[in-house]
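# Examination of the molecular architecture
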Amino acid sequence: VSEKPLAGKKVLVTAGPTQEEIDPVRFISNHSSGKMGYAIAKVAKMLGASVCLISGPTCLSVPYFIDEVVFVKSAGEMYREVLDRAEQYDILIMCAAVADYTPAQRSGSKIKKIEDKLVLELVKTPDILATLGQVKKENQVVVGFAAETEHVVENAIEKLIKKNVDIIVANDVSEAMGKDTNHVYVISKNKAVVEVEGTKEEVAKELLLRICENFC
Ligand code: PMT
C-alpha cells in the first residue's frame, strides 16, 4: 500500500464554527473548536494530497504545510469561498459546524438594553453541503459530517440522502465537540456503517483511507 495514497488528489476541507453577527459586539456561534477539520486537513496533506482548508474562527494554529488556508467568519462567507473553489477539487469534506440561521439584519450600532425582552429574527443560511451535493461532478467525492445528540446513525442517514452526499460521518456532539478524540460512524451511500474511534488524527486517517479505497 502506498504511503501517499492521496498523491495527485486535491482535497478541500472546512473546519470550525461560523459566527453570525448581531451587532458590532455580539454574534451567534457554537462550540466547534476546529480540531476535527484541522486534523483532516493535516492528515490529507500527510497522505499526499494538495489541501485547501477553509476555516471559521478557531484558536488553532494552521500546520505550515497546508497549501491554501482561507479564514472566514460567517456561513455566507464560507459558502462563497467553498463554492468559488469547489470545481477544482476531487474530494470535498465539510466538517465545519455552519450556523443554520443568521440574523435577518445586522445592526450597525450596539443594540441598547432597553426592553425586558429582545426578539431576534433569524433567517436560514445557505446550505453549503447540500449545494455541493447538487452541483458535484461525477468524479468528485462529497463528504459531510452530521452532528447529532440522539439517533445518531438514523439522523445522519437522512442527511446523507437529503443532501446527496457520497459519505456522511456521524458523530455525537457530546463525544466530538472540542474534544481531542472522536467516535464516529462512517456511512456510505449503500448505508454500510463503519465505526471508528480514536484521536481526531486517527479518525481522520481512517476516513481518508476509506475514501481512497472506495473512490480513488
Ligand atoms: O470542531 P470540533 O470541536 O473538532 O468538533 C467537530 C464537529 C463536531 C464540529 C464535527 O465533527 C462535525 O460534526 N461537524 C459538522 C457539524 C454540523 O454542522 O453538523 P450538522 O448535522 O448541523 O450539518 C450537517 C452537514 O451540513 C455538515 O457537513 C455541515 O458542515 C453542513 N452544513 C450545515 C449547515 C449549512 N448551512 N451548511 C452546511 O454545509
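Because the structure is a prediction, the values reported are computed rather than measured.

### Regarding the sheet that holds strand β4 (residues 50-55)
Strand order in the open sheet formed by 8 strands is β5-β4-β1-β6-β9-β10-β11-β12, with mixed pairing between adjacent strands. At either margin of the open sheet sits one strand with a lone partner, and together these are β5 (68-71) and β12 (193-199). Between one strand axis and the next, the sheet turns by 15° as a mean value, whatever way the strands run. Across 7 bridges, the pairing between strand β11 (residues 181-188) and β12 is antiparallel. Its bridge partner lying in β12, isoleucine 187 is registered against valine 193.

### Focus: the UniProt feature "binding site: CTP" (unreviewed entry) in the protein chain
UniProt's entry tags Asp100, Lys110, Pro126, Asp127, Ile128, Leu129, Phe145, Lys159 and Lys163 with the feature "binding site: CTP" (unreviewed entry), counted in the numbering of this structure. Over a stretch of 64 residues, the named residues are scattered through the fold, their C-alpha atoms separated by up to 37.2 Å. Inspection of the secondary structure puts isoleucine 128 in helix α3 (residues 128-135). Leaving out residues up to four positions away in the same chain, phenylalanine 145 has contacts with Met94, Cys95, Val169 and Asn171.

### Comments concerning the pairing of β4
Across the 6 residues of β4, 5 count as buried, placing the element largely inside the fold. One ladder, built from 6 bridges, connects strand β1 (residues 10-15) with β4; its direction is parallel. Residue valine 11 lies in a different strand from β4, and its bridge partner there is valine 51.

### Regarding the confidence of the model for the protein chain
Per-residue confidence for the protein chain gives a mean pLDDT of 96, with 100% of residues at or over 70. Scoring of the predicted complex yields 0.97 for pTM and 0.99 for ipTM.

### Some remarks on unusual backbone geometry
One non-glycine residue with positive phi stands out, namely histidine 151, at about 40°. Structurally, the position occupied by histidine 151 is in the loop between β9 (141-148) and α4 (152-162). For histidine 151, a count of 11 C-beta atoms within 10 Å translates into the label exposed.

Reading the values: the criteria
Residues numbered from 1 in each chain as written. Predicted model: local features only at pLDDT ≥ 70, side-chain atom pairs only at ≥ 80, totals over all residues. Pairing = 2+ DSSP bridges. Helix = DSSP H or I, 4+ residues; strand = E, 2+ residues; numbered from the N terminus. Axes fitted to C-alpha atoms, helices over the stretch in contact; angles between N-to-C directions. UniProt positions renumbered as here; feature names shortened; annotations may be inferred. Contact = placed C-beta atoms within 7 Å. Buried ≥ 20, exposed ≤ 12 C-beta atoms within 10 Å, placed from the backbone. pLDDT = per-residue confidence, 0-100.

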